Amino acid sequence: MSAPELIRIVSRDSPMALAQVERVRAELGALHPGIATEVVPVKTTGDRWMGALSQVEGKGAFTKEVDAALLAGEADLAVHCVKDIPGDRPLPAGTTFAAFLERDDVRDALIHPGGLTLDELPEGTRIGTSSVRRIAQLAASHPHLQCVPMRGNANRRMEKLAAGEADALLLAVSGLERIGRTDVITQVLSVEEMCPPIGAGVLALQCREDDTDTIDVVSGLGHPQTFQETTAERMLLHVLQGHCNSPIAGYARTDRRGELSLRACVFTPDGKTVLNAHEWAGPLTPETLGTSVAVALLRQGARELIDGIAH
Ligand SMILES: NCc1[nH]cc(CCC(=O)O)c1CC(=O)O
């Protein structure tokens, strides 16, 4: 192996994405002080398009251009939120995950300028979110609240909130931490109140498959427990074969004894049907755990539920 002298890192150009790249540069610098890094920011379809994601290519809207730059050799390493990487199909041919960084907070937070908690919000409060996962769960737990479509990066959404386009927002705690805006959080929702998305709070490092020099170097940033959790979650998503409008939520957790478990939910958009499964890995591999929980949901009718949603 010959360690590269320079690693060019490609990512979306939102403030959150650039903060993520800075974390990777800092961790890489600590592990390999001799290797220089350079940032290659790109705009993705998901950043440009402010309508429903299902009207563009849906899944992959936040990753396509980043992956293209990696494959074209314009960069050596891509940094993605695992949450934004499609789970129903393999990674783009010729690329591979080299590492998953240690997981951040998986929970969602409420941002309400008046300081109320979710349970205190009055009837008709407009929650700015376009996430089918958040909409379905709010419909189930707080049917008197109203979701209004809202896209754009977290900074843009807070501007829209300030401009009166919504009364409150739901955003990931990890994203707010990355942009240094945890000050706006009114309430952190428990995973029981709001089940997180697959891959929440995890950053993936993706390389060209044949670039073993870079893979060898950056794989040192990988976090084994996060790898196991992410592998179980993504296998679940792969087996369920959701589409961009399917409200699917789930998270794997490793308890103090090191035992891995996976909980997952599938909802109808109106929140009236909620399928729920939870299993411990025991002797199972993370892949088999993910498959097993997906099969449990399919037995409860997840296929019909997912296929019954327009997309
Ligand atoms: N859809 C954008 C996006 N992609 C990943 C995160 C959060 C950070 C993460 O889970 O890694 C966010 C923002 C949000 O949902 O509030």
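From a predicted model like this one, the values you see are computed outputs, not experimental measurements. Residue positions are given per chain, counting from 1 as you read along its sequence in written order. Per-residue local features are limited, in this predicted model, to residues with pLDDT of at least 70; the limit for side-chain atom pairs, both in listing and counting, is 80 or more; totals at the level of whole chains, interfaces and linings are taken over all residues. Remark: hydrogens and water are excluded; side-chain values derive from all non-hydrogen atoms of the structure.

In this section: the overall build of the chain. Here a strand is any run of E in DSSP of at least two residues, a helix any run of H or I of at least four, and the numbering for each starts at the N terminus. Counting secondary structure elements, the chain contains ten helices and 13 strands. Residue burial in the chain is summarised as follows: out of 311 residues, 51% are buried. Contacts are residue-level and defined by heavy atoms, with any inter-residue pair within 4.5 Å sufficient. Looking at the chain alone, contacts between residues at least 24 apart form 69% of all its contacts between residues at least 6 apart. Residue exposure (1.4 Å probe, protein chains only): buried if accessible area is under 20% of the type maximum, exposed if over 50%, otherwise partly exposed.

Glancing now at the nonpolar core. The definition of a nonpolar core used throughout is a set of buried Ala, Val, Leu, Ile, Met, Phe, Trp, Tyr and Cys residues joined through side-chain atoms within 4.5 Å. Counting 23 residues, the largest nonpolar core has Leu 236, Leu 240, Leu 262, Val 266, Leu 289, Val 293 and Leu 297 as the members making the most contacts within it. Counting residues per element, the ones that place at least two in this core are helix 8 (224–240), strand 11 (248–254), strand 12 (260–267), strand 13 (274–280), helix 9 (286–299) and helix 10 (302–307). Residues within four places of Val 293 in sequence aside, it is in contact with Leu 236, Leu 262, Ala 264, Ala 277 and Glu 279. In terms of nonpolar packing, the next biggest core, distinct from the first, is built from 19 residues, Val 21, Leu 101, Leu 203 and Val 218 among them.

This brings us to the confidence of the model for the chain. Averaged over every residue, the pLDDT of the chain is 95; the share at 70 or more is 97%. The ipTM value of the predicted complex is 0.92, and its pTM value is 0.95. How sure the predictor is of each residue is captured by pLDDT, a score from 0 to 100.

Next up on the list: the pairing of strand 2 (residues 36–42). Taken residue by residue, a regular strand's side chains alternate between the two faces of the sheet. Judged from the seven bridges that link them, strand 1 (residues 6–12) and strand 2 form a sheet pairing that is parallel. Bridge assignment links Ser 11 to a residue of strand 2, and that residue is Pro 41. When the strands point away from the viewer, a crossover counts as right-handed if the path from the first strand over the helix to the second runs clockwise. In terms of handedness, the path from strand 1 via helix 1 (residues 15–31) over to strand 2 forms a crossover that is right-handed. Any two strands with at least two DSSP-identified bridges between them are counted as paired.

Moving on to the packing of helix 8 against helix 9. Here, axes are lines fitted to C-alpha atoms. For helices the fit covers the stretch in contact, and angles between N-to-C directions go from 0 to 180 degrees. At a minimum axis distance of 7 Å, the contact between helix 8 and helix 9 shows a crossing angle of 40°. With respect to the hand of their crossing, helix 8 and helix 9 are arranged in right-handed fashion. From helix 8, Gln 228, Thr 231, Ala 232, Met 235, Leu 236, Val 239 and Leu 240 reach across to helix 9, where they touch Pro 286, Glu 287, Leu 289, Gly 290, Thr 291, Val 293, Ala 294, Leu 297 and Leu 298. Gly counts as polar in this scheme, as do all residues outside two lists: the nonpolar Ala, Val, Leu, Ile, Met, Phe, Trp, Tyr, Cys and Pro, and the charged Asp, Glu, Lys and Arg. Taken together, the residues of the contact of helix 8 with helix 9 sort by class into eleven nonpolar, four polar and one charged. Note on convention: the crossing is left-handed when the near helix lies turned anticlockwise from the far helix by less than a right angle, right-handed when the turn is clockwise.

So, about the side chain of His 243. Here His 243 is to be found in the loop between helix 8 and strand 11. Polar contact is the term for a pair of N or O atoms within 3.5 Å; when the atoms are in protein, one must be able to donate a hydrogen and the other to accept it, and sequence-neighboring residues count only if both atoms are side-chain atoms. Among the polar contacts made by the side chain of His 243, one reaches the main-chain carbonyl oxygen of Ile 306 at a distance of 2.9 Å. In terms of polar contacts, His 243 uses its side chain to reach the side chain of His 311, at 3.2 Å.

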